[in-house]
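In case you want the letters, here they are:
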Amino acid sequence: LTAISTHSNLEGLDLDDNNLGRQGSVALGNALKACRNSRLRKLCLTRNSIDDEGLRALADGMRNCQNLKELELSENALITVAGFRSLATLFQSEHCHLEQLGLESMGIGDDGATALAAGLAELNSLEKLSLHDNSIGGDGARALATELVNLRSLETLYLGDNSIGDVGARSI
């Protein structure tokens, strides 16, 4: 990961299924933070046992990745509401311009969806959001709907395999 901080021309990084865990996530976050003039556009971290502390470090590092357009964090089920708050804080940064965000199968639930919602509202360039299979219910769907209503660039919203029910569906 030390090499990443010296490669400012790197545009894509796919580390899916590498069991980074907390230590690897923190190391990657530090590498991203140290990278100057980063061209990184795509970061894939699916199935890496990332937890709240690891996500907090990654979010801190991604603040330096002003060109990041695609972020894939799916299937990192160790992340809790605290981690989703860290992610929401990243989304509220003036340097965050994500267009695609994958958060599938993470057990987000209503509380996590509510924590994410405020940050998602600031992602004016977001075109695709995948929240598939996250145990999001009506309350979480309502929180998302309230904040996503102003995202004019949003083209695709995946909410399959949740439990939003009729109340959540009406909100969306």
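Small disclaimer: the values here were computed from a predicted structure and weren't measured.

Criteria and cut-off values
Residues numbered from 1 in each chain as written. Predicted model: local features only at pLDDT ≥ 70, side-chain atom pairs only at ≥ 80, totals over all residues. Heavy atoms only, no water. Helix = DSSP H or I, 4+ residues; strand = E, 2+ residues; numbered from the N terminus. Polar contact = N/O pair within 3.5 Å; in protein donor to acceptor, adjacent residues only side chain to side chain. Contact = heavy atoms within 4.5 Å. Axes fitted to C-alpha atoms, helices over the stretch in contact; angles between N-to-C directions. Parallel < 35°, antiparallel > 145°, perpendicular 65-115°, else oblique. Nonpolar A, V, L, I, M, F, W, Y, C, P; charged D, E, K, R; others polar. 1 Å grid on protein atoms, 1.4 Å probe; cavity = no way out; pocket = protein on both sides within 12 Å on 5 of 7 lines; lining within 4 Å. Points joined across faces, edges and corners; volume = space filled by probe spheres on them.

Some thoughts on the side chain of serine 74
Here is step 1: Inspection of the secondary structure puts serine 74 in the loop between strand E3 (70–72) and helix H3 (81–91).
Here is step 2: From its side chain, serine 74 meets the backbone nitrogen of glutamate 104 in a polar contact 2.8 Å long.
Here is step 3: Aside from chain neighbours lying at most four places away, what touches serine 74 is Leu45, Thr46, Arg47, Gly102, Leu103, Glu104 and Met106.

Brief notes about the packing of helix H4 (residues 109–120) against helix H5 (residues 138–148)
Here is step 1: Contact geometry of H4 with H5 gives a least axis separation of 8 Å together with a crossing angle of 5°. Regarding the angle of H4 to H5, the classification is roughly parallel. Where H4 approaches H5, its residues Asp110, Ala113, Thr114, Ala117, Ala118 and Leu120 are matched on the opposing element by Gly138, Asp139, Gly140, Ala143, Leu144, Glu147 and Leu148.
Here is step 2: Grouping the constituent residues of the contact of H4 with H5 by class yields seven nonpolar, three polar and three charged.

Quick look at empty space enclosed by the protein
Here is step 1: Counted according to the given criterion, the structure contains two cavities of 30 Å³ or more.
Here is step 2: If you go around the largest cavity, the residues you meet are Met62, Arg63, Cys65, Leu68, Leu71, Leu90, His95, Cys96, His97 and Leu98.
Here is step 3: Residues that form the lining of the largest cavity fall into these classes: seven nonpolar, two polar and one charged.
Here is step 4: One number sums up the size of the second largest cavity: a volume of about 50 Å³.
Here is step 5: Every residue lining the second largest cavity is listed: Ile4, His7, Leu10, Leu32, Cys35, Ser38, Leu40 and Cys65.
Here is step 6: For the lining of the second largest cavity, the class distribution of residues is six nonpolar, two polar and no charged.

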